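The residues making up each chain are set out below.
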Amino acid sequence: EEKELVLLDFWVSPFGQRCRIAMAEKGLEFEYREEDLGNKSDLLLRSNPVHRKIPVLLHAGRPVSESLVILQYLDDAFPGTPHLLPPANSGDADAAYARATARFWADYVDKKLYDCGSRLWRLKGEPQAAAGREMAEILRTLEAELGDREFFGGGGGGRLGFVDVALVPFTAWFYSYERCGGFSVEEVAPRLAAWARRCGRIDSVAKHLPSPEKVYDFVGVLKKKYGVE
Ligand SMILES: N[C@@H](CCC(=O)N[C@@H](CSO)C(=O)NCC(=O)O)C(=O)O
């Protein structure tokens, strides 16, 4: 019979990986269902008719869409599991501010990384070099936010928090960004590179992120599909 939690996903999606890592961090079992985005299942189209995108989390049959919404839903629906956002402690201004800060930076990742990364592999010549400079700036901005902390705020206690889970899937794309953008993350943002390695040693991350080489191969497939040589 169907599991309580079912995730409609696509193997290389950083958005889907956010959900897999979050449920692994929370110790929540789930059924993984791979979608063919070129031939979407009726279940996906029924579950997310508005965007027709993965990931979609089905909880007892009820669909939740948008990866950052799913992460917050998991905190709310499974309060006994390790939290991603700092607990609300209703009325506690510091807790509210920590939650707002975490949401701001997860939103920053959504607004900046995916779009700039896509331009990195779609463009050539000077436009691609410009996207490379933009990506370096984005990584420097994230590194400045991290500061000398082990993880981004939110999880506390040496655990992955909301921003860490939102960002860490993109570390599997760093190698592709470097190859397309002509920069080195180690040079541009050494402490962010160290954070990426630190996260990569955590079971839930190691288990759910594809290798940088596999992502780079996939970028090659995308280039061919979009006629970018
Ligand atoms: N804001 C959303 C983005 C999901 C998304 O882009 N999903 C892609 C695959 S991963 O890049 C998707 O499902 N695309 C549908 C399609 O390509 O038709 C989220 O955070 O969940």
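Report on the accompanying structure. The model shown is predicted, which means the values in this text are computed figures rather than measured ones. (Residues numbered from 1 in each chain as written. Predicted model: local features only at pLDDT ≥ 70, side-chain atom pairs only at ≥ 80, totals over all residues. Heavy atoms only, no water.)

Looking at the overall build of the protein chain
The secondary structure content of the protein chain amounts to 11 helices and 4 strands. Taken over C-alpha atoms, the radius of gyration comes to 18 Å for the protein chain, in line with the 17 Å a tight globule of 229 residues would show. In the protein chain, which comprises 229 residues, the proportion classed as buried is 50%. A separation threshold of at least 6 residues defines the contact pool for the protein chain, and within that pool the share at least 24 residues apart is 67%. Just so you have it, the protein chain exposes about 11,200 Å², and 53% of that area is on carbon and sulfur atoms. Charge separation in the protein chain, taken as the distance between the mean sites of 31 positive and 34 negative side-chain charges, equals 4 Å. (Helix = DSSP H or I, 4+ residues; strand = E, 2+ residues; numbered from the N terminus. Rg over C-alpha atoms; globule rule 2.2 N^0.38 Å. Buried < 20%, exposed > 50% of the residue type's maximum accessible area, 1.4 Å probe, protein only. Contact = heavy atoms within 4.5 Å. Areas by Shrake-Rupley, 256 points an atom, 1.4 Å probe, with all protein chains shown as cover. Lys, Arg positive; Asp, Glu negative; His and termini not counted. Charge placed at Lys NZ, Arg CZ, Asp CG, Glu CD.)

Re the packing of helix α1 (residues 14-25) against helix α3 (residues 67-77)
Where α1 contacts α3, the two axes come as close as 9 Å, and the packing angle between them is 10°. On the basis of the axis angle, α1 is roughly parallel to α3. Residues Phe15, Arg18, Cys19, Ala22 and Met23 of α1 lie in contact with α3, whose contacting residues are Ser67, Leu68, Ile70, Leu71 and Leu74. Grouping the constituent residues of the contact of α1 with α3 by class yields 8 nonpolar, 1 polar and 1 charged. (Axes fitted to C-alpha atoms, helices over the stretch in contact; angles between N-to-C directions. Parallel < 35°, antiparallel > 145°, perpendicular 65-115°, else oblique. Nonpolar A, V, L, I, M, F, W, Y, C, P; charged D, E, K, R; others polar.)

Digging into α3
Restricting attention to buried positions, one finds in α3 the residues Ser67, Leu68, Ile70, Leu71, Leu74 and Asp75. Buried residues of α3, viewed axially, fall in a sector of 160°; they line one side. Packing partners of the buried residues in α3 comprise α1, β3 (56-59), β4 (62-65), α4 (93-122) and α6 (162-167). (Arc of directions from axis to C-beta.)

Quick notes on the environment of Asp94
Here Asp94 shows up in helix α4. Taking relative accessible area as the criterion, Asp94 reaches 63% and is therefore assigned exposed. Measuring from C-alpha to C-alpha, the distance between Asp94 and Leu192 comes to 26 Å, with 98 residues separating the pair along the chain.

Re the layout of surface pockets
Taken as a whole, the largest pocket spans an internal volume of roughly 900 Å³. Phe10, Phe15, Leu37, Lys53 and Tyr114 are, among the 28 residues lining the largest pocket, the residues nearest its centre. Broken down by secondary-structure element, the contributors of at least two residues to the lining of the largest pocket are α1, α4 and α11 (212-225). If one sorts the elements of the lining of the largest pocket by residue count, α4 sits on top with 6 residues. Broken down by class, the residue content of the lining of the largest pocket amounts to 16 nonpolar, 5 polar and 7 charged. (1 Å grid on protein atoms, 1.4 Å probe; cavity = no way out; pocket = protein on both sides within 12 Å on 5 of 7 lines; lining within 4 Å. Points joined across faces, edges and corners; volume = space filled by probe spheres on them.)

Re the site of the ligand
The immediate surroundings of the ligand are formed by Ser13, Phe15, Leu37, Lys40, Arg52, Lys53, Ile54, Pro55, Glu66, Ser67 and Tyr114. At 2.8 Å from a nitrogen atom of the ligand is found a main-chain nitrogen or oxygen belonging to Ile54. Ser67 places a side-chain nitrogen or oxygen 2.6 Å from an oxygen atom of the ligand. Here the ligand, which alone exposes 520 Å², has 78% of that area covered by the protein. When each cavity is represented as a set of grid points, the ligand is found to reside in the largest pocket. (Near = heavy atom within 4 Å. Polar contact = N/O pair within 3.5 Å; in protein donor to acceptor, adjacent residues only side chain to side chain. Sits in = over half its atoms within 2 Å of the grid points.)

A closer look at the pattern of salt bridges
Tallying each qualifying case throughout the model produces 14 salt bridges. Between Lys3 and Glu29 there is a salt bridge, and its shortest N-O distance comes to 3.8 Å. Taken as a pair, Lys3 in the segment before β1 (5-9) and Glu29 in the loop between α1 and β2 (31-34) lie far apart in primary sequence, 26 residues in all. A salt bridge links Glu143 to Arg191; the shortest N-O distance between them is 4.0 Å. Taken as a pair, Glu143 in helix α5 (residues 125-146) and Arg191 in helix α9 (residues 190-200) lie far apart in primary sequence, 48 residues in all. Looking at Glu143, the relative accessible area reads 8%, which means it is buried. Through salt bridges with shared partners, a single ionic network connects Asp115, Arg119 and Glu134. (Salt bridge = Lys/Arg side-chain N within 4 Å of Asp/Glu carboxyl O.)

Here's the deal with the nonpolar core
Core analysis: the largest hydrophobic core is formed by 74 residues, its most contacted members being Leu113 and Trp195. At 9 residues, α4 tops the list of elements feeding residues into this core. (Core = buried A, V, L, I, M, F, W, Y, C linked by side-chain atoms within 4.5 Å.)

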